[in-house]
Amino acid sequence: MAEFENLNPYQKLDYLEAQGAEELKTQLLQIKTPINIISMYAVGSRHICWILTQDKINKIKKDKKNGNS
């Protein structure tokens, strides 16, 4: 049986989200593989960037600590 490759160009579409422009810039600079930026926009104070990557990006979420710990 023949196998077909997925030709969808958006197969590795991903996004980054930050609370400000500087934080988004920091996230983008941490990516070491080639990316193509598809779109950037802000919704209120949140900044969002849609990207196409060659490799999977591992997102690391920061733990938000409250003052009660």
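Up top is the structure these notes are about.
Residues numbered from 1 in each chain as written. Predicted model: local features only at pLDDT ≥ 70, side-chain atom pairs only at ≥ 80, totals over all residues. Heavy atoms only, no water.

Some words on the nonpolar core
A general feature of soluble globular proteins is that nonpolar side chains tend to end up buried together. Here is the rule: For our purposes a nonpolar core is just a set of buried Ala, Val, Leu, Ile, Met, Phe, Trp, Tyr and Cys residues, chained together by side-chain atoms within 4.5 Å. Here's how the labels work: a residue is buried when its accessible area is under 20% of the maximum for its type, exposed when over 50%, partly exposed in between, all with a 1.4 Å probe on protein chains only. Strands are runs of DSSP state E lasting at least two residues, helices are runs of H or I lasting at least four, and both sets are numbered from the N terminus onward. Every residue pair with non-hydrogen atoms within 4.5 Å of one another is taken to be in contact.
Among the nonpolar cores identified, the biggest contains 8 residues, and these are Leu-16, Ala-18, Leu-24, Leu-28, Ile-31, Cys-49, Ile-51 and Ile-57. For this core, the secondary structure elements donating two or more residues are strand E1 (13–18), helix H1 (21–30) and strand E3 (46–53). The residues touching Leu-28, leaving out its near neighbours within four places in the chain, are Leu-16, Ile-35, Ile-37, Met-40, Cys-49 and Ile-51.

Regarding a nonpolar patch on the surface
Operational definition: Residues with no salt bridge and a relative accessible area higher than 30% make up the patches, which join like charges within 9 Å and nonpolar side chains (Val, Leu, Ile, Met, Phe, Trp, Tyr) within 5 Å. Using a 1.4 Å probe, accessible areas were evaluated by the Shrake-Rupley method; residue-level cover was limited to the displayed protein chains. For this analysis, a salt bridge means a side-chain nitrogen from Lys or Arg found within 4 Å of a carboxyl oxygen belonging to Asp or Glu.
On the surface, Tyr-10, Leu-13 and Ile-38 cluster together into a nonpolar patch covering about 290 Å² of accessible area. Looking at where Leu-13 falls in the secondary structure, it is placed in strand E1. For Leu-13, a relative accessible area of 37% gives the class partly exposed.

Regarding the packing of aromatic side chains
Here is the rule we go by: Side-chain rings of Phe, Tyr and Trp, where Trp is taken by its six-membered ring, are said to pair if the distance between their centres is within 6.5 Å; with planes under 30 degrees apart they count as stacked, over 60 as edge-to-face, and otherwise as tilted.
Per the stated rule, a full pass over the model turns up 1 aromatic pair. Judged by centre distance (5.2 Å) and plane angle (45°), the ring pair of Tyr-15 and Trp-50 falls under tilted. Residue Tyr-15 is located in strand E1, and its partner Trp-50 is located in strand E3; the two are separated by 35 residues in the primary sequence. Overall, the relative accessible area of 35% leaves Tyr-15 in the partly exposed class.

What to know about the side chain of Asp-14
Here Asp-14 lies in strand E1. On the basis of relative accessibility, which here comes to 18%, the residue Asp-14 falls in the buried class. The contacts of Asp-14, once residues within four sequence positions are left out, are Cys-49, Trp-50, Ile-51, Ile-57 and Lys-59.

A few points about the pattern of salt bridges
Summed over all chains, the structure comprises 1 salt bridge. Between Arg-46 and Glu-17 there is a salt bridge, with the nearest N and O atoms lying 2.9 Å from each other. With a gap of 29 residues between them, Arg-46 in strand E3 and Glu-17 in strand E1 connect regions that are remote in the sequence.

Details of the sheet that holds E3
Heads up, the condition is: Pairing between two strands requires that DSSP report at least two bridges joining them. Helix axes use the C-alpha atoms of the stretch in contact, all axes being lines fitted to C-alpha atoms, and the angles between their N-to-C directions lie in the range 0 to 180 degrees.
One open sheet holds the 3 strands; their spatial order is E1-E3-E2, and the pairing between them is antiparallel. Here the strands that pair on one side only, and so sit at the sheet edges, are E1 and strand E2 (35–43). Neighbouring strand axes in the sheet, compared pairwise and without regard to direction, differ in orientation by 20° on average. The sheet contact formed by E2 and E3 spans 8 bridges and is antiparallel. Of the residues in E3, the one forming a bridge with Ser-39 is Trp-50. Packing of H1 onto the sheet brings it into contact with E1, E2 and E3, and relative to E1 it is tilted by some 140°.

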